[in-house]
Amino acid sequence: MTAAPVQEAERMLRGHGDRFLESLVRHDPGFTRWNSSFRVTENAVEIKLGEGLWETAGDFLGLQTFVDVEQGQLATTGVAVCAGQRRPFALRLKVVDDAVSEAELLVSTDTAGHFADVDRLLAPDVLYDAPVPPERACDRDALAAVAGGYWSALGESDGSLARIGYRCDRYDNGKKVTNTLTTLLSPDATVHTVASCLNQTRGARPTVRGGHFPVLDPARGVAVSTVMVDFHPVPDSPRPDNGTFYMVAVFKVVDNEIRSIDEIREILPLGTPQAW
């Protein structure tokens, strides 16, 4: 596509995203234009129009949206205000024939603590909107390979398998979880890098499922991935988080290395099946 058609396609996708979010706030799914074969899920469970966030959403804050014209998909992360409470939020939409065919919602119940700080999501990182100079960028296939390498490294609990840049940090539900004093003062009693966080998962024997990439944006070096990861119980762990971690992850990739990772995630019962 030339520049003008691409810009128009991006405008169309963003418009569908805006209308979908407005439909949630209005509690009116009819405000969205639906494809005849549409599906909607929330936290990996299929729901009917009018259920889930259509019943509870009051507002959306700190939103950051990424679009992929080639795939006809967009992803949005930020904060959903549900019954007066701020909750980490992510959305994936697929548009076919100028109508929404897939809507995948993730709204987390984990808002504060060692792995969450929802208020940090109110000011999204401008790093993800910044263009990458052509000489430091990579194409769509390379973006997917670099981000996919992170999931492969998690599955093996081996941080050396991921292409992680020197300046890389990871954020979970808004909370910085690498290179931070908070972790040093936690039960881990150490300072983790992105790679050492991956190594630390060995006891939980993670199993990665999915790893789809609905958005690949070479110009900004952004890859958005949806994934489910099974973390098994770890005996005598000081932090017994286990279950199926349902995640939407945003990767910033520069020089064929991961520069930053932001994950929105909800912990579901272990073995929760994939919805997509």
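What counts, and where the lines are drawn
- Residues numbered from 1 in each chain as written.
- Predicted model: local features only at pLDDT ≥ 70, side-chain atom pairs only at ≥ 80, totals over all residues.
- Heavy atoms only, no water.
- Helix = DSSP H or I, 4+ residues; strand = E, 2+ residues; numbered from the N terminus.
- Buried < 20%, exposed > 50% of the residue type's maximum accessible area, 1.4 Å probe, protein only.
- Contact = heavy atoms within 4.5 Å.
- Areas by Shrake-Rupley, 256 points an atom, 1.4 Å probe, with all protein chains shown as cover.
- Lys, Arg positive; Asp, Glu negative; His and termini not counted.
- Charge placed at Lys NZ, Arg CZ, Asp CG, Glu CD.
- Core = buried A, V, L, I, M, F, W, Y, C linked by side-chain atoms within 4.5 Å.
- Polar contact = N/O pair within 3.5 Å; in protein donor to acceptor, adjacent residues only side chain to side chain.
- Disulfide = S-S within 2.5 Å.
- Salt bridge = Lys/Arg side-chain N within 4 Å of Asp/Glu carboxyl O.
- Phe/Tyr/Trp six-rings, centres within 6.5 Å; stacked < 30°, edge-to-face > 60°.
- Pairing = 2+ DSSP bridges.

Visitor: Explain the overall build of the protein here, please?
Guide: Looking only at helices and strands, the protein features 5 helices and 14 strands. Considered along the principal axes of its C-alpha atoms, the protein spans approximately 50 × 45 × 30 Å. In the protein, buried positions account for 51% of the 276 residues. Counting only contacts in the protein whose residues sit at least 6 apart along the sequence, the fraction spanning at least 24 positions is 63%. Carbon and sulfur atoms provide 50% of the accessible area of the protein, an area that totals close to 12,400 Å². Each charge class in the protein can be summarised by its mean position, and for the 27 positive and 38 negative side chains these summaries are 2 Å apart.

Visitor: Looking at this structure, I do not really get the nonpolar core. What am I missing?
Guide: As a rule of thumb, soluble globular proteins bury nonpolar side chains together. Tyr150, Trp151, Phe251, Ile258 and Ile261 are the most contacted members of the largest nonpolar core, which has 27 residues in total. Only helix 3 (140–156), helix 5 (194–199), strand 11 (207–217), strand 12 (222–231), strand 13 (243–254) and strand 14 (257–268) provide two or more residues apiece to this core. Considering each element in turn, this core owes the most residues, 8 residues, to helix 3. Here Ile261 is in contact with Tyr128, Tyr150, Cys168, Asp169, Arg170, Tyr171, Val194, Val250 and Phe251, once residues within four sequence places are set aside. Residues Trp34, Ile47, Phe60 and Val95 belong to the second largest nonpolar core, which totals 23 residues.

Visitor: Help me out: how do you make sense of the side chain of Arg140 in this one?
Guide: On the secondary structure map, Arg140 appears in helix 3. A distance of 3.5 Å separates polar atoms of two side chains, one belonging to Arg140 and the other to Glu70. A polar contact is formed between the side chain of Arg140 and the backbone oxygen of Leu216, at a distance of 3.1 Å. Non-local contacts of Arg140, meaning those with residues more than four positions away in its chain, are made with Asp68, Glu70, Gln71, Leu216 and Pro218.

Visitor: What exactly am I supposed to notice about the environment of Lys94 here?
Guide: Within the secondary structure, Lys94 sits in strand 5 (residues 85–96). C-alpha of Lys94 to C-alpha of Glu263: the two residues are 169 residues apart in sequence and 20 Å apart in space. Aside from chain neighbours lying at most four places away, what touches Lys94 is Gln71, Gly72, Gln73, Ala99, Val100, Ser101 and Glu102.

Visitor: Got a minute to help me understand the state of the cysteines in this structure?
Guide: Going through the model one piece at a time under the given rule, you end up with 0 disulfides. The thiol sulfur of Cys138 is not disulfide-bonded, and the nearest other cysteine sulfur, from Cys168, lies at 14 Å. In this structure Cys138 comes out as buried when scored by relative accessible area, which is 10%.

Visitor: Just to check I follow, could you spell out the pattern of salt bridges for this structure?
Guide: When their charged atoms lie close together, side chains carrying opposite charge are able to pair. The full count for this structure, using the stated rule, is 17 salt bridges. Residue Asp172 is joined to Arg170 by a salt bridge in which the shortest nitrogen-to-oxygen separation is 2.7 Å. Of the two residues, Asp172 and Arg170, both sit in the buried class. Put simply, Glu263 and Arg170 hold a salt bridge, and the shortest N to O gap is 3.9 Å. Pair noted here: Glu263 is in strand 14 and Arg170 is in strand 9 (residues 164–172), with a separation of 93 residues, a long-range link. Bridged by salt links that share partners, the residues Asp68, Glu70 and Arg140 form one connected network.

Visitor: Explanation requested: the packing of aromatic side chains in the structure shown.
Guide: The description of two aromatic rings rests on the distance between their centres and on the angle between their planes. What the rule picks out here adds up to 10 aromatic pairs. Where Phe20 meets Trp54, the ring centres are 5.7 Å apart and the plane angle is 70°; that geometry is what we call edge-to-face. You can see Phe20 sitting in helix 1 (residues 3–26) and its partner Trp54 sitting in helix 2 (residues 53–56), a full 34 residues away along the chain. One exposure class covers both Phe20 and Trp54, and it is buried. Ring centres 4.9 Å apart and planes at 40° place the aromatic pair Trp34 and Phe38 in the tilted group.

Visitor: What is the right way to look at the pairing of strand 6 (residues 99–107) in this model?
Guide: Residues in a regular strand project their side chains so that they alternate between the two faces of the sheet. Burial within strand 6 is extensive, with 8 of its 9 residues counted as buried. Pairing of strand 1 (residues 34–42) with strand 6, which is carried by 5 bridges, proceeds in the parallel orientation. Following the sheet pairing, Thr41 is matched in strand 6 by Glu104. Strand direction decides the pairing type here: strand 5 and strand 6, joined by 8 bridges, are antiparallel. In the sheet register, Val96 faces strand 6, and the bridge partner there is Ala99. Linkage of strand 5 to strand 6, two consecutive antiparallel strands, is achieved through a turn of 2 residues, within which Asp97 is found at a positive phi near 55°.

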